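# Overview (structure and organization)
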Amino acid sequence: LAAGTYAIWTLPNEKEWKVVVNKNTHAFHLDYDESADIGRTGMDLKTLSDPVEQMRIEVRPETDKAGGNKGRFAVMWERTEASFVFTLV
C-alpha cells in the first residue's frame, strides 16, 4: 500500500470479519463505493474475557512474529477482538 490517506471499513458477521481499504476517505456508511476498494483481507477473531463497552481501535507491535517491522491492527467491541497483521516496508 503506497503512502497516502485511506478509509478503513470492516465487514463483520458472526463467523468472520473482513477489513477493507478504500480510496474514498469522505464516504459515509450509506455512500460506500466498492469500486474504490484497494483491497480486502480476513481478520483474526478472538473472544475477550471482559467486554469492551466503547469500541476501541489499536495499532500495536506484533509480538508473535520475528522482526521489528510487523504490527497488528485490532478492533475491540463487546467480547470480540478482530485483528490483522501488517508489515511495514
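Heads up: the structure comes first, above all this text.
A quick note: this is a predicted structure, and the numbers were derived from the prediction, not measured.

The next subject is the nonpolar core. Across soluble globular proteins, nonpolar side chains have a tendency to be buried as a group. Listed in full, the 7 residues of the largest apolar core are Trp17, Val19, Met43, Phe73, Val75, Ala82 and Phe84. Residue assignment for this core shows that the elements contributing at least two residues are β2 (17-22) and β4 (70-87). Non-local contacts of tryptophan 17, meaning those with residues more than four positions away in its chain, are made with Thr10, Leu11, Pro12, Thr41, Gly42, Met43, Leu45, Val75, Thr80 and Ala82.

Once that is clear, we can look at the side chain of glutamate 81. Tracing the chain through its elements places glutamate 81 in strand β4. Given a relative accessible area of 6%, glutamate 81 falls into the buried group. Among the polar contacts listed, one links the side chain of glutamate 81 to the side chain of arginine 60, at a separation of 3.0 Å. Excluding residues that lie within four positions of it along the chain, glutamate 81 makes contacts with Asp44, Leu45, Lys46, Leu48, Arg60, Ala74, Val75 and Met76.

For the rest of this paragraph, the subject is the side chain of arginine 72. Along the chain, the position of arginine 72 falls in strand β4. Judged by relative accessible area, arginine 72 falls into the buried class, the value being 12%. Separated by 2.6 Å, the side chains of arginine 72 and serine 83 make a polar contact. Not counting the four nearest positions on each side in its chain, arginine 72 is found in contact with Asp44, Glu58, Val59, Arg60, Pro61, Glu62, Ser83, Phe84, Val85 and Phe86.

Where strand β1 (residues 7-12) lies against β2, 6 bridges are found, and the strand directions are antiparallel. When the sheet's bridge partners are listed, isoleucine 8 is paired in β2 with valine 21.

The next thing to look at is a nonpolar patch on the surface. A cluster of nonpolar side chains, namely Met55, Ile57 and Trp77, defines an oily patch on the protein surface of about 340 Å² accessible area. With respect to the helices and strands, the residue isoleucine 57 is situated in strand β3 (residues 37-61).

Criteria and thresholds
Residues numbered from 1 in each chain as written. Predicted model: local features only at pLDDT ≥ 70, side-chain atom pairs only at ≥ 80, totals over all residues. Heavy atoms only, no water. Core = buried A, V, L, I, M, F, W, Y, C linked by side-chain atoms within 4.5 Å. Buried < 20%, exposed > 50% of the residue type's maximum accessible area, 1.4 Å probe, protein only. Helix = DSSP H or I, 4+ residues; strand = E, 2+ residues; numbered from the N terminus. Contact = heavy atoms within 4.5 Å. Polar contact = N/O pair within 3.5 Å; in protein donor to acceptor, adjacent residues only side chain to side chain. Pairing = 2+ DSSP bridges. Patch = residues over 30% accessible without salt bridge, like charges linked within 9 Å, V, L, I, M, F, W, Y side chains within 5 Å. Areas by Shrake-Rupley, 256 points an atom, 1.4 Å probe, with all protein chains shown as cover. Salt bridge = Lys/Arg side-chain N within 4 Å of Asp/Glu carboxyl O.

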